[in-house]
Amino acid sequence: MSTTPPRGARSGPDDDEPRPEPIRFYGTSWVEHTRGYRIRRAALCGLAAAGTVAGALLLWFLYAGLAGSGTAGWLRALVVVALVMCSVMAFIRTWSGYSRPRGEDAVDESAFRSIKVVGFVGVFAAYAVRSAVEAPGERLLRADHEAAVARFHRRTAKRSGHPGRRARTGGRKPRRS
């Protein structure tokens, strides 16, 4: 969680309260579902679905080009299997990135970058389906933000408001005038 206040933030007693992390295309509007959150989510869901359809159409043209060029049947089947497997793996990796926190022993996502590029249809499909429910990654960030705010409030509730009012346990006694 970021503890730096955004530009134009109010100053006051809650300046140290944890700030929510922004989500791409949503900023921090996902916290309170304000500033056109639902419209943005619907638009991005539609764009991702259109990207999924356009990508599938592009891959179909690729297959038609292979079939029209007289390529062997086994090679066309191999290309189709590779594209389908990459799309499925990309969908699963993308979906799990939106719904489960990464563990300590998680594999680096850059290792799957080439699979996600080849299986871009799966990435678009995962984004479209997740956007239909919530902003992608919102559930994880909301849990992190709520935990950070709860820790902050527990930490500040234990403090005394004025250090001079605290009971002294030892040492010097306060001076009386």
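Conventions and cut-offs
Each chain has its residues counted from 1, running along the sequence as written. Predicted model: local features are reported for residues with pLDDT of at least 70 only, side-chain atom pairs are reported and counted for 80 or more only, and whole-chain, interface and lining totals are derived from all residues. Only hydrogens and water are set aside when side-chain values are computed; all heavy atoms of the structure are taken into account. Take the buried residues of types Ala, Val, Leu, Ile, Met, Phe, Trp, Tyr and Cys, join any two whose side-chain atoms come within 4.5 Å, and each joined set is a nonpolar core. Think of it in three bands: with a 1.4 Å probe and only protein chains considered, a residue is buried below 20% of the maximum accessible area for its type, exposed above 50%, and partly exposed in between. Elements are defined by DSSP. Helices are runs of H or I of four residues or more, strands are runs of E of two residues or more, and each kind is numbered from the N terminus. Note on definitions: a residue-residue contact is assigned when non-hydrogen atoms from the two residues lie within 4.5 Å. By convention in these notes, a salt bridge is any Lys or Arg side-chain nitrogen within 4 Å of a carboxyl oxygen on Asp or Glu. Take the residue count of a helix, subtract one, and multiply by 1.5 Å to get its expected span. Cavities and pockets were defined on a 1 Å grid built over protein atoms only: a cavity is a set of grid points that admits a 1.4 Å probe from which the probe cannot escape, a pocket is an open set flanked by protein on both sides within 12 Å along at least five of seven lines, and lining residues are those with an atom within 4 Å of any such point. Grid points are joined across faces, edges and corners, and a volume is the space filled by probe spheres set on the points. Amino acids are sorted into nonpolar (Ala, Val, Leu, Ile, Met, Phe, Trp, Tyr, Cys and Pro), charged (Asp, Glu, Lys and Arg) and polar (every other residue, Gly among them).

A. Fine view of the nonpolar core. With 12 residues, the main nonpolar core is built from I23, Y26, W30, V31, Y37, L44, A48, Y98, Y127, A128, A135 and L141. For this core, the secondary-structure elements that each account for two or more residues are helix 1 (37–68) and helix 4 (120–133). Per-element tally for this core: the top contributor is helix 1, with three residues. Here A48 is in contact with F124, Y127 and A128, once residues within four sequence places are set aside.

B. Layout of the pattern of salt bridges. Scanning the model with the defined rule gives two salt bridges in all. Note that E134 and R130 form a salt bridge whose closest N and O atoms lie 2.7 Å from each other. In this pair, the class of E134 matches that of R130, namely buried.

C. Spatial organisation of helix 4. Across its 14 residues, helix 4 extends 20 Å between first and last C-alpha, which sits within 8% of the 20 Å expected from 1.5 Å per residue. Taken together, the buried residues of helix 4 touch helix 1, helix 2 (73–99) and helix 5 (138–157).

D. Spotlight on the layout of surface pockets. Here the largest pocket defines a volume of roughly 750 Å³. Contributing to the lining of the largest pocket are 24 residues, with R93, T94, G97, Y98 and K116 lying nearest its centre. The set of elements that each furnish at least two residues to the lining of the largest pocket consists of helix 2, helix 4 and helix 5. Considering each element in turn, the lining of the largest pocket owes the most residues, six residues, to helix 2. Looking at the lining of the largest pocket residue by residue, the classes come out as 13 nonpolar, five polar and six charged.

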